[in-house]
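Reading the structure
Read off the chains here:
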Amino acid sequence: MKDSEYIPQIKICGLTEVDVALSCVELGADAIGFIFFSKSPRFIADKQASRICEALPKATSKIGVFVDEPFESIMKRVRECGLTGIQLHGQEPPEFIRRFVDEGIFVIKGLFTLKSPRLTDVDIFDASAYLVECGKGKLPGGNAMAWNWSEACEFGMRHPCVLAGGLGPENVAEAISQCLPDAVDVSSGVEFSPGKKDVDKVERFIRAVRCESVAEKYASRNKRPRPIFVAAS
């Protein structure tokens, strides 16, 4: 029993190459992420991000990841790069997020189990969805660290949830079974090196997310993943 209603969506993050981004979409990725945080080894220049966004199908969500950047700087990249949404992964206050929502921008807010802002802070935000990870490590992102994904299970039952942190082809099915998120986000787990995705790993990752055991787990809990990433109008 494999039903598409019981399959979480997939975001491949930290893309830097046009052909690889297109391959990820062809394999079944729902969203492509671009890192605009200058200290990240997956940082992408505006011109290259724009080039990739132009090449991607209209139905693909194109998410820019930002860390404590000024409002106008983010809006400039949204317009010039052709982004369909943003992910705020720093210490952005609730009122900052509301400014984007008021502009009609799709916003994913990063929340953590080991640092602020925590999962328990969710009620002060008004984001479109929430990316959840542990927050351990030097960089704002997952730092390729697996964690106790079940800590996000109750959160994901109540809020639109994108699970991240230490995911890869070999463990994503287990992570999903622990959390039952609406979507999963992967970067380093499908790479040769930072920003350089291994298409074979991407394929194995997507196949693992779409396996029958995953669908059965959702069905057994009577949970249908919410559509986090929707086609552009």
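Here, every reference points to the structure presented above.
Reference entry: report on the structure contained in this document. (Residues numbered from 1 in each chain as written. Predicted model: local features only at pLDDT ≥ 70, side-chain atom pairs only at ≥ 80, totals over all residues. Heavy atoms only, no water.)

Soluble globular proteins tend to bury their nonpolar side chains together. Formed by 63 residues in total, the largest nonpolar core has its most connected members in Ile12, Phe34 and Phe100. Residue contacts for Phe100: discarding those within four places in its chain leaves Phe71, Ile74, Met75, Ile86, Leu88, Ile105 and Val107. Formed by eleven residues, the second largest nonpolar core is a distinct cluster that contains Phe106, Ile108, Ala129 and Phe229. (Core = buried A, V, L, I, M, F, W, Y, C linked by side-chain atoms within 4.5 Å. Buried < 20%, exposed > 50% of the residue type's maximum accessible area, 1.4 Å probe, protein only. Contact = heavy atoms within 4.5 Å.)

Each aromatic ring pair is characterised by the separation of its centres together with the angle its planes make. In total, this model carries six aromatic pairs according to the counting rule given. Ring centres 4.5 Å apart and planes at 35° place the aromatic pair Phe71 and Phe100 in the tilted group. Residue Phe71 is located in helix H3 (residues 71-81), and its partner Phe100 is located in helix H4 (residues 94-102); the two are separated by 29 residues in the primary sequence. The class of Phe71 is buried, set by a relative accessible area of 9%. Judged by centre distance (6.0 Å) and plane angle (90°), the ring pair of Tyr130 and Phe155 falls under edge-to-face. Pair noted here: Tyr130 is in strand S6 (residues 129-133) and Phe155 is in helix H5 (residues 153-158), with a separation of 25 residues, a long-range link. On the basis of relative accessible area, Tyr130 is assigned to the buried category, the value being 5%. Among the aromatic residues, ring-to-ring pairing joins Phe71, Phe96 and Phe100 into one connected group. Lying over the aromatic face of Phe71, Arg99 brings its terminal NZ or CZ to 3.8 Å of the ring centre. We note Lys109 situated over the ring of Phe125; from NZ or CZ to the ring centre the distance is 5.6 Å. (Phe/Tyr/Trp six-rings, centres within 6.5 Å; stacked < 30°, edge-to-face > 60°. Helix = DSSP H or I, 4+ residues; strand = E, 2+ residues; numbered from the N terminus. Lys NZ or Arg CZ within 6 Å of the ring centre and 35° of its normal.)

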